[in-house]
Amino acid sequence: MSKTALVVGSSGIAGGAVAAELTARGWSVLGLARRPVAQDGVTPVVADLQDPSGAAAALAQTRPDAVFFTTWSRQANEAENIRVNAAMVRAVLDAVRPAASVRHVALVTGLKHYLGPFEAYGKGVLPQTPFREEQARLDIDNFYYAQEDEVFAAAQADGFAWSVHRPHTIIGRAVGNAMNMGTTLAAYASLCRETGRPFRFPGSEAQWNGLTDMTSATQLARHLVWAATTPAAANQAFNVVNGDVFRWKWMWGRIADWFGLTPAPFDGTITPLETQMAEDGEVWRRLAARENLVEPNLDRLASPWHTDADLGRPIEVVTDMGKSRRLGFLDYQPTDDAFFALFEQLRAERLIP
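Residues numbered from 1 in each chain as written. Predicted model: local features only at pLDDT ≥ 70, side-chain atom pairs only at ≥ 80, totals over all residues. Heavy atoms only, no water.

If you roll a probe as big as a water molecule over the atoms, it shows you where there is empty space left. This model, assessed by the stated rule, comprises two cavities of 30 Å³ or more. Volume-wise, the largest cavity comes out at about 50 Å³. Lining the largest cavity, in full, are His168, Thr169, Met181, Gln207, Thr212, Asp213, Met214, Phe246, Trp248, Asp310, Leu311 and Arg313. Per-class residue counts for the lining of the largest cavity are five nonpolar, four polar and three charged. What the second largest cavity holds in volume is close to 30 Å³. Lining the second largest cavity are Leu49, Phe69, Thr71, Trp72, Asn85, Met88, Val89 and Gln147. By residue number, the principal contributor to the lining of the second largest cavity is helix α3 (residues 78-96), which donates three residues. Across the lining of the second largest cavity, the residue classes tally to five nonpolar, three polar and no charged. (1 Å grid on protein atoms, 1.4 Å probe; cavity = no way out; pocket = protein on both sides within 12 Å on 5 of 7 lines; lining within 4 Å. Points joined across faces, edges and corners; volume = space filled by probe spheres on them. Nonpolar A, V, L, I, M, F, W, Y, C, P; charged D, E, K, R; others polar. Helix = DSSP H or I, 4+ residues; strand = E, 2+ residues; numbered from the N terminus.)

This is the structure:
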């Protein structure tokens, strides 16, 4: 018998990938977003989760077996992040409660669980790497913790199982996404090739030389569905990364080669993309017009501030996947292949030249 999934944030990087994975596995998929995008096999549900009554009306006739939270809303400060994002989770769980159909709720958060929110990112006393799920919460306000607490409270009241998924930076396809390193780097490389500017690593020496890892959207999607369908994974929090580790001093050259560029030597100076790309909007519009690209607005493709936050970190960041491996999740995704697959998709869809 087909199961029904509600994917909250289906137009984003993680949501789009998990909707595709569920569809491929025969699930009926409801894709909730403020502005849903067309996706094969996905029934759109239009709702603004900051309007609880509207969300309740939009979800009134649904009977999902599983709910996948893959979205958040960035606010001016962490106090507002907590208020708004906890309320969004609560709005969905309140809306689906009357049907009493939900058996599993999956929540996607991330490594800011260990590193702290943007206001205090990578500062203070941090747990040692590799990050492991049993490490305690930081003694600081964090909207991820507030989202988790909403899920935990509803699970206790309503009797469903839950899972929390903590990816590192996600590589995947989405337009208009607030955190999108893969497409940001693709746009930056395209602009460097267009203008003749050096393809310069924007981040810190610690990131250039240290080990790191990432999470492809397809790997995350497989992990979400695995946890939702594996009894031993119920009521657990998991890290989820691709399974390989790399140094940016190696990956930067791999990305440069894909775009036919020679990477600029790294001298240890941080040169943020937010500064490098600040005046590139008009350059991109001209490039898009000449190459017949479908998105002339660079702000819809690139999120330099987020890429700068990741690549500018002063510490090495690697993530332990042992907990998932012990329970049977053995999937592996080479990170350079994930970048290349994304770049090929962006080019095929005329999002980059």
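Within strand β10 (residues 236-240), four of the five residues are buried, leaving the element largely enclosed by the surrounding structure. Bridge count for strand β6 (residues 161-167) against β10 is five bridges, and the pairing is parallel. For His165, the partnering residue across the bridge sits in β10 and is Phe238. (Buried < 20%, exposed > 50% of the residue type's maximum accessible area, 1.4 Å probe, protein only. Pairing = 2+ DSSP bridges.)

In this section: the side chain of Thr70. Within the secondary structure, Thr70 sits in the loop between β4 (66-69) and α3. On the basis of relative accessibility, which here comes to 14%, the residue Thr70 falls in the buried class. Among the polar contacts made by the side chain of Thr70, one reaches the main-chain amide nitrogen of Gly15 at a distance of 3.4 Å. Not counting the four nearest positions on each side in its chain, Thr70 is found in contact with Val7, Val8, Gly9, Ala14, Gly15, Val18 and Val108. (Polar contact = N/O pair within 3.5 Å; in protein donor to acceptor, adjacent residues only side chain to side chain. Contact = heavy atoms within 4.5 Å.)

Judged by nonpolar contacts, the single largest core of 41 residues is most densely connected at Phe199, Trp248, Ile255, Trp284 and Phe339. Elements with a contribution of two residues or more to this core: α6 (181-195), α9 (248-258), α11 (281-291) and α14 (335-348). Residue contacts for Trp284: discarding those within four places in its chain leaves Ala187, Ser190, Leu191, Leu293, Glu295, Pro296, Asn297, Leu298, Leu301, Leu351, Ile352 and Pro353. Formed by 31 residues, the second largest nonpolar core is a distinct cluster that contains Ala17, Ala66, Ala221 and Val225. (Core = buried A, V, L, I, M, F, W, Y, C linked by side-chain atoms within 4.5 Å.)

This part is about the sheet that holds strand β1 (residues 4-8). Sheet architecture is open: seven strands sit in the order β3-β2-β1-β4-β5-β6-β10, paired in parallel fashion. Each edge of the open sheet carries a strand with a single partner, namely β3 (42-46) and β10. Ignoring which end each strand starts from, the neighbouring axes of this sheet average 20 degrees apart. Contacting β5 (104-108) and β6, helix α5 (residues 143-158) crosses the sheet at an angle of about 165 degrees to β6. Across the sheet, helix α8 (residues 217-229) is in contact with β4, β5, β6 and β10; its angle to β10 comes to roughly 160 degrees. (Axes fitted to C-alpha atoms, helices over the stretch in contact; angles between N-to-C directions.)

Packing of α6 against α11 brings their axes to within 11 Å, and their N-to-C directions diverge by 85 degrees. It follows that α6 is roughly perpendicular to α11 by the angle criterion. For the pair formed by α6 and α11, the contact residues are Ala187, Ser190, Leu191, Glu194 and Thr195 on the first element and Val283, Trp284, Leu287 and Arg290 on the second. (Parallel < 35°, antiparallel > 145°, perpendicular 65-115°, else oblique.)

Taking 1.5 Å of rise per residue, 16 residues should cover 22 Å, and α5 covers 22 Å from first to last C-alpha, within 8% of that figure. Tucked into the core, α5 has its buried residues touching α3, β5, α4 (112-115) and β6. Between a side-chain oxygen at the N-terminus of α5 and the backbone nitrogen of Tyr144 the separation is 2.9 Å; the capping residue is Asn142. Positive backbone phi, approximately 85 degrees, marks Gly159, located one or two places after α5. (Expected span 1.5 Å × (residues − 1).)

Another point: α6. For α6, with 15 residues, the first-to-last C-alpha span of 21 Å sits near the 21 Å given by 1.5 Å per residue. Among the 15 residues in α6, twelve count as buried, and that is most of the element. By the burial criterion, the buried members of α6 are Met181, Gly182, Thr183, Thr184, Leu185, Ala186, Ala187, Tyr188, Ala189, Ser190, Leu191 and Cys192. Trailing α6 by a residue or two, Gly196 shows a phi angle of about 80 degrees, which is positive.

This part takes up the side chain of Asp213. Topologically, Asp213 is positioned in the loop between β8 (211-212) and β9 (215-216). Salt bridges are absent for the buried Asp213, whose nearest opposite-charge side chain, Arg313, sits at 6.8 Å. A polar contact is formed between the side chain of Asp213 and the backbone nitrogen of Thr319, at a distance of 2.8 Å. Non-local contacts of Asp213, meaning those with residues more than four positions away in its chain, are made with His168, Val241, Asp244, Val245, Phe246, Val317, Val318 and Thr319. (Lys, Arg positive; Asp, Glu negative; His and termini not counted. Salt bridge = Lys/Arg side-chain N within 4 Å of Asp/Glu carboxyl O.)

Under the criterion given, the structure shown has 22 aromatic pairs. Ring geometry for Trp248 versus Trp252: centroids 6.3 Å apart, planes at 65 degrees, classification edge-to-face. A residue pair is termed a helical-turn pair when its members lie 3 or 4 positions apart in one helix, as Trp248 and Trp252 do in helix α9 at four residues. The pair formed by Trp248 and Trp252 is uniform in burial state, with each residue classed as buried. Among the aromatic residues, those joined into a cluster by ring pairs are Tyr188, Phe199, Phe201, Trp208, Phe246, Trp248, Trp252, Trp258, Phe259, Phe266, Phe339 and Phe343. (Phe/Tyr/Trp six-rings, centres within 6.5 Å; stacked < 30°, edge-to-face > 60°.)

Just distances and angles here, no functional claims.
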